[in-house]
Amino acid sequence: MKLSQKQAVFENEVLTRFELFKSLFLTLPFQRVKHTGTILPFFSTHCENGVAEHLAPEDIIDSFFGQYEQYVQEEDRIDLLFRIVQYIERQVVLFDAIEDSAFQAVGKTDETGGLDALFRLAQSNPELKNQIIEKLKDFSVRLVLTAHPTQFYPGPVLGIINDLTEAIKANDISNVHLLLQQLGKTPFINKQKPTPVDEAVSLAWYLENVFYKVASGIQSKIDDVLEVPAEDVKQLIELGFWPGGDRDGNPNVTAESTKKVASMLRTILFRCYYRDFRIVKRRITFRGVEQYLDNLQKLFYDNSFNPIENPEDDTAKILENLQAITQVLHEKHNGLFVELVEDLIRKVNTFGCYFTTLDIRQDSSVLRKATNYLAEVYAGTVKSTVDELTKSEESKQASLYFDEHTLDYRKDADPLIKDIIDVIRLLKNIQRSGSERAAQRFIISNCQQASDILGLMQLFLWQGWKKKELTIDFVPLFETVDDLSRASDVMRTLYTNKAYAEHLKIRGNKQTIMLGFSDSTKDGGYLMANWSIYKAKIELTALAREYDVDLIFFDGRGGPPARGGGKTQRFYASMGSEIENNHIQLTIQGQTISSQYGSLDTAQYNIEQLLHAGLVSEIRQNGGDTLTSKQKQVIDDLATESHRKFLALRHHPQFLKYLETLSPLKSLASINISSRPVKRNSDKELRLEDLRAISFVTAWSQLKQNIPGFFGVGTALQWAEENNLWSYVRNLYQTSGFFNTLIDNCMMSMTKSNFDITSYMKDDETFGTFWNILHEEFVKTNKYLLKLSGAKYLMENYPVERCSVLEREKIVLPLLIIQHYAIRRLQSGKLKAEKEEVYRKLIGRTVYGVVNAGRNLA
């Protein structure tokens, strides 16, 4: 299908249907909803006109209310604004459902082929088929669901979206009408901040309703098409989970919540198994399988509804009984219904008794404190001394003897130290219940030196773990530009450390390294962050190959391009021969979870795209994907120029003040969406280094300026043109998949920007100069991106995505005007305390709607 045809299908299947179904809101039996729906089109048009005239938000809203006699009182005005926000929230849900329902009809515009196309080629090409089969034997995709505070849809709303999508697919108007009524009555917000366990329950919805079914379906397709024995590719699709395990900067996550989440995941999984087993039992009513079915009935039922405190790993028992049933079916019953049993076997092979690997994460500074604490309390018992552990890096490494003890903490120990010691002990029990795959990774955030990893290894050995039975993978996380530049030095020190090398050998010589896109963007800007990670991957791959280590990169990606999101699969398809790509691992965060993995269709598509990317990056690698030394130098120069521009902005005296004053940054802390604080050291004054990258990017996206996704790119491209490097840059865009995707993602960030909304600030006494700095770089970047791509407008090559972005931006424009109006009312200093609280709530509600509509804004 041509791009123009796809755009036409999108307009017909999505935009036209949205206008039609939108009118159903007016028929709902809620009088206030009908009134809001009637007035909203006038309000939206008024906002559009006001933005076009560069009016301030208070001028836009005051002039609108001036047209209506019934909105003289401030209480009445606020009431209507709240109802408009609620109405638009539900319009966004409807748009999501309509777009998801049209997924198969519209397809995607930026993919050439996919997994199905590759498999079709393999059918007539035995050599390619063998290459794929060999690659699949040592290849996996791991999606790690994280509890970042931008997943705003609660479970009931997600259920409505799924049902609404199916009703729209079937053109079932009466059911759509009922579901919209349900949507109108269903709350979108939490009255209280969720606990880590609440967050886990929310994300477990995707495990149960989407991933459980899709992972098995994809595995089945591969088994059928390639005729690969199931035992050869047992773990092709893996799942990871951070809620309840990620305690970095979140004191609300404790060993107790980790234990509850691990238990909950097991229970939910067994209920999934039990549902499938009941279908198996209903169909297989033949002689010869009775005992096996009875055994499975007890196993599945007890684990589903009568879970015990410390269960065993029952995976082997379950598989033994299921395989015995398949044998009986083949031998005595002509294989009747064997496919039902094989499907369940696939699921048990994939999910075991744990469902998803629960990752543990903590900041290196907390881990150092715990090590030093035990060394001090048990001075004389352990070989390490606090004095040695607090000196130079060389001294720290030399003072870690990896001696084995079982040490406890005192009652007056710091709660974070208690938690680390408790969770290290707990991991043994979790592994006993679900195998080591249930919880085998400990991620060290803010990893700056080898002793950060070695010290954690020592902590485990001081908690009863034995060196030869240490079934834990230690995963350093490198995030800032400086940390990324030192990453290979840190890893060389680890690979040459005798104790760590022995541990790696026990772990099959596999080393996972996590690289953080979000903090590196906050630290160095868009181009420098992406280039620093790419360079680090090249250096770390070369080092791993030198030491014969099987290296796995785990990418900490967020939703928007500024946090490593965007066209992710294209990055993995273009890694080139210098970057290890046998395993693709990435975090799935916030709205990316619901937008890309919220339905069976979208989840299957996006997982298959990642599988396809990993396969083609090795089997059908493009020549231009491995960069030449000259190309690397050009990108390095561009990144340096971009970095210089971004740092000048970061160091501008008004940088943080602008963000705090104009964006809803301060309100993010009070919205009941996450158990995690908006910033580290939350009791101190705001500093950029303490501000979480997710809050940083979200605040800019609410301003519709998306600075982290483009700032400095235009200046870098202008520099290239002025220094006679334009032909090299153009060649990079045309031949390098990495650079091309980098630029195209930048265009997506800019398409989601709208400086007209804040253009009233250009002559502002306080921030006018700063606003103009931002705007000038936006204009410059727009100019050079169009010149580089040869396009007439941004995202011209992705018309479906562009149409979707623009329609969503149109839907939420009134929310943004309301939000900015409320922020300015708060800053006026003229409100009473109770009114201030009302406006803060109004700001919070608009943040929900804007992020939900943007799908990968935060």
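This is a predicted model, so every value here is computed, not measured. Residue numbering note: each chain is counted from 1, following its sequence as written. Thresholds applied to this predicted model are a pLDDT of at least 70 for local features of residues and 80 or more for the giving and counting of side-chain atom pairs; totals over whole chains, interfaces and linings are not thresholded and use all residues. Water and hydrogen atoms were dropped before computing side-chain values, which therefore reflect all heavy atoms in the structure.

J.: Would you take a moment to explain the packing of helix α6 (residues 115-123) against helix α7 (residues 126-137) for this structure?
T.: Helices that pack against each other are described as a pair by the angle of their axes relative to one another and the distance between those axes. Interhelical geometry of α6 versus α7 gives an angle of 130° and a closest axis separation of 6 Å. Judged by the inter-axis angle, α6 sits oblique to α7. Where α6 abuts α7, its residues L118, F119, L121 and A122 lie against P126, L128, K129 and I132. The classification used treats Ala, Val, Leu, Ile, Met, Phe, Trp, Tyr, Cys and Pro as nonpolar, Asp, Glu, Lys and Arg as charged, and all other residues, Gly among them, as polar. Each residue belonging to the contact of α6 with α7 can be placed in one class, and the counts come to seven nonpolar, no polar and one charged. Here the axes come from fitting lines to C-alpha atoms, over the contacting stretch only for helices, and the angles between their N-to-C directions go from 0 to 180 degrees. Strands are runs of DSSP state E lasting at least two residues, helices are runs of H or I lasting at least four, and both sets are numbered from the N terminus onward. Should an angle fall under 35 degrees it is taken as roughly parallel, and over 145 as roughly antiparallel, whereas 65 to 115 is taken as roughly perpendicular and any remaining angle as oblique. Should any heavy atoms of two residues lie within 4.5 Å, those residues are counted as being in contact.

J.: Sorry, what's going on with the nonpolar core here?
T.: The tendency in soluble globular proteins is for nonpolar side chains to be buried as a group. For the purposes of this section, nonpolar cores are sets of buried Ala, Val, Leu, Ile, Met, Phe, Trp, Tyr and Cys residues that join through side-chain atoms within 4.5 Å. Categorising residues by exposure relies on relative accessible area from a 1.4 Å probe, with only protein chains included: less than 20% of the type maximum marks a residue as buried, more than 50% marks it as exposed, and the intermediate range marks it as partly exposed. Residues I132, L143, F442, F460, F474, W700 and F739 are the most contacted members of the largest nonpolar core, which totals 275 residues. Beyond its immediate stretch of four places on either side in the chain, I132 contacts L118, F119, A122, L226, L615 and I619. Counting residues in each nonpolar core, the second largest holds seven residues, with V144, W242, L477 and F554 among its members.

J.: Where do I start with the environment of G159 in this structure?
T.: With respect to the element layout, G159 can be found in helix α8 (residues 155-169). On a C-alpha basis, the gap between G159 and K428 in space is 35 Å, while along the polypeptide they are 269 residues apart.

J.: Explanation requested: the pairing of strand β6 (residues 473-478) in the structure shown.
T.: In the case of a regular strand, side chains alternate between the two sheet surfaces. For β6, the buried fraction is high: six of the six residues fall into the buried class. Examined bridge by bridge, strand β5 (residues 441-445) and β6 share four bridges and lie parallel to one another. Bridge pairing in β6 places F442 opposite F474. Relative to strand β7 (residues 510-516), β6 runs parallel, the two sharing two bridges. The residue of β7 that forms the bridge with L477 is M514. DSSP bridges decide pairing: two strands pair if at least two such bridges lie between them.

J.: Teacher, can you tell me more about helix α21 (residues 498-506) here?
T.: Every α-helical turn comprises 3.6 residues, leaving residues that sit three or four positions apart pointing alike. Of the positions making up α21, those classed as buried are A499, Y500, H503 and L504. Here the buried residues of α21 occupy an arc of 140° about the axis, which is enough to place them on one side. For α21, exposure combined with an orientation more than 90 degrees from the buried face picks out K498 and K505. The arc in question is the one traced by the directions running from the helix axis out to the C-beta atoms.

J.: Any chance you could explain the sheet that holds strand β1 (residues 140-145) here in plain terms?
T.: In sheet architecture, strand pairing relies on hydrogen bonds along the backbone and comes in two forms, parallel and antiparallel. The sheet built from nine strands is open, its strands ordered β3-β2-β1-β9-β8-β7-β6-β5-β4 with parallel pairing. In this open sheet, the two edge strands, each paired with only one partner strand, are β3 (357-358) and β4 (360-363). Across the sheet, helix α15 (residues 364-377) lies against β4 and β5, angled at about 85° from β4, the strand it touches most. Against the sheet, helix α22 (residues 517-524) engages β7 and β8 (550-556), with an angle of about 40° to β7.

J.: Can you walk me through the pairing of strand β9 (residues 583-588) in this structure?
T.: The element β9 is extensively covered by neighbouring structure, given that six of its six residues are classed as buried. Covered by surrounding structure in β9 are H583, Q585 and T587 together with I584, L586 and I588, the residues of both alternating faces. Bridge count between β8 and β9: three bridges; the pairing is parallel. For F554, the partnering residue across the bridge sits in β9 and is Q585.

J.: Teacher, can you tell me more about the packing of aromatic side chains here?
T.: For any pair of aromatic rings, the description rests on two quantities: the centre-to-centre distance and the angle between the ring planes. To pair, rings of Phe, Tyr and Trp, with the six-membered ring standing in for Trp, must have centres within 6.5 Å; the planes then decide the type, stacked if under 30 degrees apart, edge-to-face if over 60, and tilted in the middle. For the coordinates displayed, the defined rule picks out 44 aromatic pairs. Aromatic pair F270 and F300: ring centres 6.2 Å apart, planes at 55°, arrangement tilted. Of this pair, F270 sits in helix α11 (residues 255-283) while F300 sits in helix α12 (residues 290-305), placing them 30 residues apart in sequence. When sorted by exposure, F270 lands in the same class as F300, which is buried. Relative to F770, the ring of F655 has its centre 6.4 Å away and its plane inclined at 70°; by these criteria the two rings are edge-to-face. Here F655 is found in helix α28 (residues 655-662), whereas its partner F770 is found in helix α34 (residues 768-789), with 115 residues between them in sequence. By relative accessible area, which is 1% here, F655 ends up buried. For a lysine, the NZ atom is tested; for an arginine, the CZ atom; a charge sits over a ring if that atom is within 6 Å of the ring centre and within 35 degrees of the ring normal. The ring centre of Y728 lies 4.8 Å from the NZ or CZ of K630, which sits over that ring. The cationic tip of K787 hangs over the ring face of W726; the distance from NZ or CZ to the ring centre is 5.3 Å.

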